Amino acid sequence: MTDYAQDQEMEIEALQAILMDEFEEIDASDSGLNTSNRCFQITISPQEEDEELTSQVLLALVFAHTEKYPDEPPLLHVKSLRGISLELLGTLKQKLEEEASENLGMAMIYTLISSAKEWLDETFRQVVVEETVVATKDDVIIPHGDAVTVQTFVAWRERFEAELALERAKLMPESALAAPKEKKLTGREWFERKGASQIADESEDEDDEDIDFDDEDFEDDEEDMLKHYLDESDVSSHSQRRSD
């Protein structure tokens, strides 16, 4: 004849040794079970140790042995200690009751605990991951405006250099620009002969602006840029005379 009481007591002692602080005996009136038998509560956290997930969900499994346990299933109740809805608790309880029926004839409480841990981890880990991804996306700053490419930068540089050449041309006397090609001075040669002080005076008379140039700014290929400016000036002057 099976000594059910002895088997039940041995299971309780084993659970206490394994679970320690997570295992406690509670009053039957606080168990949520319709029984006067001894009731026990086990605190269950996700299967994998994850502080972030554990801080969001925590479960309590309450059980009491019946007279002929383990040849009949134990009384079970699950409650949320943190972050679990009643609907999910109902799903978990049904799952544990089905497993209890499948494990009749042997001590099963630790098996049910392991199953609850696994369910808790699978149910809520994906939710936490999705929330983290959403939060990360919200933190991303989306740049506005046109993207800079090699082509747009080269086009900008060409415009800048052309504008700079035109500014230099304004500072040079017409006699220097109209001289024969073999006698025409480059920007560098003209500046070296005239000196910085004279350029500053002429700049004030014409534009009332101070423009500083480095020697590196004046390259021999600027002659073509200045010629392009003069050609544009001639076209503009011719158009003006026709309109008059």
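Residues numbered from 1 in each chain as written. Predicted model: local features only at pLDDT ≥ 70, side-chain atom pairs only at ≥ 80, totals over all residues. Heavy atoms only, no water.

Under an unreviewed UniProt entry, the name given to the protein is RWD domain-containing protein, and the organism recorded is Papaver nudicaule.

(A) Representation of the pattern of salt bridges within the structure. One pass over the structure, following the stated rule, counts three salt bridges. The shortest N-O distance in the salt bridge between R38 and E25 comes to 3.1 Å. With R38 in the loop between strand 1 (23-26) and strand 2 (39-44) and E25 in strand 1, this residue pair connects regions lying 13 residues apart in the sequence. Classification of R38 by relative accessible area gives partly exposed; the value is 39%. Note that K95 is salt-bridged to E99, the shortest N-O span being 3.3 Å. Here K95 pairs with E99, and both are found in helix 3 (residues 86-102), just four residues apart, close to one helical turn. (Salt bridge = Lys/Arg side-chain N within 4 Å of Asp/Glu carboxyl O. Helix = DSSP H or I, 4+ residues; strand = E, 2+ residues; numbered from the N terminus. Buried < 20%, exposed > 50% of the residue type's maximum accessible area, 1.4 Å probe, protein only.)

(B) Highlighting the pairing of strand 2. Counted residue by residue, strand 2 has five buried out of six residues, so it is predominantly covered. Sheet topology note: the strand 1/strand 2 ladder contains four bridges and is antiparallel. Counterpart to E25 in the pairing with strand 2 is F40. As defined by bridge partners, strand 2 adjoins strand 3 (residues 58-64) across five bridges and the pair is classed as antiparallel. Looking across to strand 3, one finds that F40 is bridged to F63. (Pairing = 2+ DSSP bridges.)

(C) Region of interest: the sheet that holds strand 4 (residues 75-82). On the basis of which strands lie adjacent, the open sheet formed by four strands has the order 1-2-3-4 and antiparallel pairing. Strand pairing shows two members of the sheet lacking a second neighbour, strand 1 and strand 4, which therefore form its edges. With direction set aside, neighbouring strand axes in the sheet form an average angle of 25°. Pairing of strand 3 with strand 4, which is carried by seven bridges, proceeds in the antiparallel orientation. Among the inter-strand pairings, A64 is bridged to a residue of strand 4, identified as L75. Here helix 1 (residues 4-19) sits on the sheet and contacts strand 1, strand 2 and strand 3; the angle it forms with strand 1, its principal contact strand, is near 130°. (Axes fitted to C-alpha atoms, helices over the stretch in contact; angles between N-to-C directions. Contact = heavy atoms within 4.5 Å.)

(D) Molecular detail of unusual backbone geometry. In the segment running from Y69 into P70, the intervening peptide bond is cis, with an omega of 15°. Structurally, the position occupied by P70 is in the loop between strand 3 and strand 4. Backbone geometry at M20 places phi at a positive 55°, although glycine is not the residue there. Along the polypeptide, M20 turns up in the loop between helix 1 and strand 1.

(E) Just the side chain of T66, in detail. The topology assignment puts T66 in the loop between strand 3 and strand 4. Beyond its immediate sequence surroundings of up to four residues, T66 is in contact with Q8, N37, E72, P73, P74 and L75.

(F) Focus on the packing of aromatic side chains. Taken as a whole, this structure holds four aromatic pairs when the rule is applied. Between F23 and F40 the ring centres are 5.3 Å apart and the planes differ by 20°, which places this aromatic pair in the stacked class. Of this pair, F23 sits in strand 1 while F40 sits in strand 2, and the two are 17 residues apart along the sequence. On the basis of relative accessible area, F40 is assigned to the buried category, the value being 1%. The interplanar angle of 25° and the centroid separation of 5.4 Å between the aromatic rings of F40 and F63 together place this pair among those described as stacked. Of the two residues, F40 is situated in strand 2 and F63 in strand 3; the sequence distance between them amounts to 23 residues. Overall, the relative accessible area of 0% leaves F63 in the buried class. (Phe/Tyr/Trp six-rings, centres within 6.5 Å; stacked < 30°, edge-to-face > 60°.)

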